[in-house]
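# Per-entry structural report
Each chain is listed here by its residues.
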Amino acid sequence: MKLGIIKRSFILTGIFISFYFIVSSIAPAGTIDLFTSEKGDIKISGGTAHIPVMKDAAKQIMEHNRDIRISIAGGGSGVGIKQVGEGLVDIGNSGRKPTDDEIQKYGLKLFQWAIDGVGVIVNPKNPVKALSMSQLSEIFAGKIFNWKALGGPDKPINVYTRDNSSGTREVFWEKALDKGEITDKANVVVSNGAMKTAVANDPYGIGYVSVGHMDNSTSPVILDGAEPTIENVKNGSYKIARGLFSNTKGEPKGLVKKFIDFLFSPEGQELVTKNGFISVK
Amino acid sequence: MKERFIEIFIKSFAWLSGLLLLSVTFVIIGFLLVKGVPTLSLSLIFGDTSPADALLLRRQVLEGILPAMAGTGLLVLLAVGMATPVGLAAGIYLAEYSRGNLKSFFSLFYDILAGVPSIVIGLFGFSLAISLHHYVKEIYPCLLISALALAFLVLPYLIRTTQFALESIPAEVRLTAPALGATKLQNIAYVLFPRSLPGIASGVILAIGRCAEDTAVIMLTGVVAAAGIPGSLLSAYEALPFYIYYISSQYRNSYELQTGFGAAVILLIICACLFLTAFYLKNQLMNRMLYRR
Amino acid sequence: MEKTTIVETGFLGAAVLSASLAALILIFMLFLGFPLFRGGYFLTLLTTPWNPDKGFFGIYPMLAGTLSIVFLSLCWAFPLSLGASALISVIAPTGFAKFCKKTVQMLTGIPTVIYGFVGVFLLVPFIREMFASGSGMSILSASLMLSMVISPTMILIFTDTFESIPASYSAAADALGASPVQKLVHVILPYSRRGIFAGLILSVGRAMGDTLIALMLAGNAVAVPGSILDSARTLTAHIALVIAADFDSIEFKTIFAAGLVLYVFTASLILLVRIIGRTGMKNR
């Protein structure tokens, strides 16, 4: 009977899952069931690239146990590091490795659970698909300011950049622009999501965003022959890479520790790859 | 001849201005309604959780705007709850117990407070939270701090409305109770205050509207992008206007954009209802004044 | 009786508490921004550009942004509001005028975030395509939408002023055979000078203090704007954007400088309206 089959498959799945977890419990065990009898709040803030993974993880955990509340805010890597250091949040995400100063000042413990890249994007309607690093520097410095100089339409280039607390910006500035200047006429947006939306809505825009965030609302730009895909980040041909960190003040305990463990667990890492990043396991 | 020309010019200018403003308004609201009304549905609010489960707090709503609506609702309740007693008391004091220079002095401060930009009030709330955090570890920008800051925001409006409502009571009514031997306080409590209730109520409702729509204050004092229904006064929360702002700059797909429009329509409806109620109550006040029932 | 006095003291207490809030806000701004005020650094702040990487923490570009957006939005809003209030109070037939006034009153209740939201999806692309310069997020877009935000309140203040002229003046004008427009130009407007000025000043304060429109529509670039099609940042948007930075840094403290500037500006405007009102009383 129908019911019989369903019941049987549940039992079978249960057996398989238990078997799987028993076997994988050699690694830091982070199964969703560890959250079963927990209660409490987790406050997370910081890097905006991390948000989709945070949201998915929070969704799974909160659906499993309604006594756990996870709040997620953005703000950028700088915010995450500072807020976790000041004790305002439990987990501060950053898209760049915290500096030694920061680690020492706040007593941070770092957990890198994904690898990501930072790539340049333009609007899908833009015929310009590839740039050299020097062209990129000149565009962002404001020295090239019309698309026709690059073989595109005769329209001004609208540069979009991130605010100062952004880890994405830090990585882009250091590795793609070689610490070059970003024009002060650039429009400032506050997150990876906002950057994507801005460039997707502006046919003459150019910006930079986390590789994991890229989708077909924007076109990636090939830099010196390397296309910013996650595979290329993995195999090293696309060089502008960065880790996604979750930082805590001191050793994480209790619920927070379980959340971090969850990120490293198979389910967590699956969320990482699902959202377009590279898992670390 | 010149007079005639000026007359025609002014008339046409006035008509043009009026019509221009009206049409822009209709375009704005129309655009919103056209894009937003089709998205209104239970799944907009509750996501894929069933309404019963969500409302009974049995399960969290993760894809709908219920947490944002709940956050706004709680904010408004707390903020107006905190501001109303203080605002009413101060308004009564201003209308009944002070006069001349002192009154003018107080009034000036309230006007200044009313004129302070909302983001500066938010900044103030944020600074308060951070300062308090040094003494009480549990306090950081949260629902309570936001409600407090919003209370600061609407306090001047409440004071002024109460003051105005009390001051509009005609002299004959004011003198009746004291003539019968009542004390000043008894006069206020039994005659003046009940009489000015419609005006005060409309002020309270306008304050509710102001709290529901404000974004700048809450951005600095604890609203976040995702938090579920707030569990305690000290927890992070979501709010409708912030949701709309957030979605407008960071929607991930067209579905999320739709929810932004839907949320905007819902906020518009809430504000419209509040406004109509306040307006109706204010008219009641006018009627009472004119016809002295 | 004792009980009465306690309640009445409560009233006084509430009044004092509320009044002290205004002062408290000022004190907090001063206190938290204190390091900036030493050695005339504050003045430097007001005149230098913003470039934290190079150590420049000036809020001059934001000052320029605020002033240009406010000025421009008043350029749009003031004449239109004047014209619309003339329409409502004097020129239009009563039925239509009442309808207009009701609509304007409703408009004051619309949340600013909604204006911003519609602006992002309707106005910005329009400006971008129309002027072929810049991303559409500009002083122009922000000021156009901001003028829509401040117009309803301005119109209400103006119509109140127009309608509060003494009935005898209005009757006198009618008795002499003046047309509505003549009455407007020769009687109502001169009499309403003070009210119009007050309405204007209050709207300046409102426009200056608005955060969301500028945040969503003006682009938030840190350069001093060169044209109205340039992206710009206002003091208010700056506070919202920088609030996230490190507490102890000079960068963070500049938002208190911005807050202070805003506070002082708006408080002065309020004082200005007060003074005008007072001299008005004396000259009657």
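Sequence order as written defines residue numbering, which begins from 1 separately in each chain. For this description, chains carry letters from A and ligands carry numbers from 1, given in the order in which they are written. The predicted nature of this model means local features are confined to residues of pLDDT at least 70 and side-chain atom pairs, given and counted, to a pLDDT of 80 or more, with totals for whole chains, interfaces and linings taken over all residues.

## Focus: the overall build of chain C
So the rule is basically this: Helix and strand assignments follow DSSP, with helices taken as H or I runs no shorter than four residues and strands as E runs no shorter than two, numbered in order from the N terminus. With C-beta atoms placed from the backbone, a residue is labelled by how many other C-beta atoms lie within 10 Å of its own: buried for 20 or more, exposed for 12 or fewer, partly exposed between the two. A residue pair is marked as a contact if its C-beta atoms, positioned from the backbone, fall within 7 Å.
From N to C terminus, chain C includes 12 helices and 2 strands. The order of α-helices and β-strands along chain C, N terminus first, is α-α-β-β-α-α-α-α-α-α-α-α-α-α. In chain C, buried positions account for 52% of the 284 residues. Within chain C, residue pairs in contact and separated by at least 24 positions form 73% of the contacts whose partners lie at least 6 positions apart.

## Points about the overall build of chain B
Counting its secondary structure elements, chain B contains 13 helices and 0 strands. For chain B, the succession of helices and strands along the chain, N to C, is α-α-α-α-α-α-α-α-α-α-α-α-α. Seen through its C-alpha atoms, chain B measures out along the principal axes to roughly 70 × 65 × 35 Å. The 293 residues of chain B split such that 53% are buried. Considering only intrachain contacts with a sequence separation of at least 6, the fraction spanning at least 24 residues in chain B is 74%.

## As for the interface of chain B and chain A
For clarity, the threshold we go by: Each residue gets one label: Ala, Val, Leu, Ile, Met, Phe, Trp, Tyr, Cys and Pro are nonpolar, Asp, Glu, Lys and Arg are charged, and the others, such as Gly, are polar.
If you look at the interface, chain B gives 17 residues, while chain A gives 20 residues. Taken together, the residues that form the side of chain B that touches chain A break down as 8 nonpolar, 6 polar and 3 charged.

## Thoughts on the interface of chain B and chain C
Across the contact, 64 residues belong to chain B and 61 residues belong to chain C. Considering every element that reaches the side of chain B that touches chain C, the biggest residue donor is helix H1 (residues 2-36) of chain B, with 17 residues. Class assignment for the residues of the side of chain B that touches chain C results in 49 nonpolar, 11 polar and 4 charged.

## Topic: the confidence of the model for chain C
To keep it simple, the criterion reads: Per-residue confidence from the predictor is reported as pLDDT, a score between 0 and 100.
Predicted confidence across chain C gives a mean pLDDT of 85, with 93% of residues reaching 70 or more. Prediction confidence for the complex, expressed as pTM and ipTM, is 0.86 and 0.87 respectively.

## Digging into the pairing of strand S6 (residues 158-162) of chain A
Residues and elements named next belong to chain A. The condition that has to hold: Pairs of strands are assigned from DSSP output, requiring at least two bridges between the strands.
Taking burial as the measure, the 5 residues of S6 include 5 buried ones, the bulk of the element. Here S6 shows a buried face lined by Asn-158, Tyr-160 and Arg-162 and a second buried face lined by Val-159 and Thr-161. Bridging between S6 and strand S8 (residues 205-210) involves 2 bridges; their strand directions are parallel. If you follow Val-159 over to S8, its bridge partner there is Ile-206. With 3 bridges connecting them, S6 and strand S7 (residues 187-189) associate as parallel partners. When the bridges of S7 are listed, Thr-161 appears paired with Val-188.

## Thoughts on the environment of Glu251(A)
Residue and element names in this part refer to chain A. Examined against the element boundaries, Glu-251 turns out to sit in the loop between strand S11 (241-249) and helix H9 (254-264). By the C-beta count within 10 Å, which is 9 here, Glu-251 ends up exposed. As for Glu-251 and Asn-235, which are separated by 16 residues in sequence, their C-alpha atoms are 33 Å apart.

## Remarks on the packing of helix H3 (residues 60-91) of chain C against helix H6 (residues 139-163) of chain C
All names here are of chain C. Applicable threshold: An axis is simply a line fitted to the C-alpha atoms; with a helix, the fit covers only the stretch in contact. Between two such axes, the angle follows the N-to-C directions and lies from 0 to 180 degrees. Crossing handedness is read from the near helix: turned anticlockwise from the far helix by less than a right angle, it gives a left-handed crossing, and turned clockwise, a right-handed one.
One way to put it is that H3 packs onto H6 with a least axis distance of 6 Å and a crossing angle of 35°. For H3 against H6, the interelement crossing comes out right-handed. Class assignment for the residues of the contact of H3 with H6 results in 18 nonpolar, 9 polar and 1 charged.

## Describing the packing of helix H2 (residues 51-64) of chain A against helix H10 (residues 266-274) of chain A
Residues and elements named next belong to chain A. Here is the rule we go by: Note on angle classes: values under 35 degrees are labelled roughly parallel, values over 145 roughly antiparallel, values of 65 to 115 roughly perpendicular, and the remainder oblique.
Direction vectors running N to C along H2 and H10 enclose 140°, while the axes themselves pass 9 Å from each other. On the basis of the axis angle, H2 is oblique to H10. Between H2 and H10 the crossing geometry is right-handed. Residues Val-53, Asp-56 and Ala-57 of H2 pack against Gly-268, Leu-271 and Val-272 of H10. When the residues that make up the contact of H2 with H10 are grouped by side-chain class, the tally is 4 nonpolar, 1 polar and 1 charged.

## Some points on the environment of Leu255(A)
All names here are of chain A. Inspection of the secondary structure assignment puts Leu-255 in helix H9. Sequence separation between Leu-255 and Asp-90 is 165 residues, and the spatial gap between their C-alpha atoms is 9.8 Å. Among all residues touching Leu-255, those that are not within four sequence positions of it are Glu-38, Gly-40 and Ile-42.

## Looking at unusual backbone geometry
With the exception of glycine, most residues fall at negative phi, and the peptide bonds are largely trans. Residue and element names in this part refer to chain A. Phi at Lys-179 is positive, roughly 60°, even though this residue is not glycine. The topology assignment puts Lys-179 in the loop between helix H6 (167-176) and S7. Residue classification places Lys-179 among the exposed residues on the basis of 10 C-beta atoms within 10 Å. Of note, the phi angle at Asp-224 is positive, near 50°, even though the residue is not glycine. In this fold, Asp-224 is placed in the loop between strand S10 (222-223) and helix H8 (230-235). Judged by the 13 C-beta atoms lying within 10 Å of it, Asp-224 is partly exposed.

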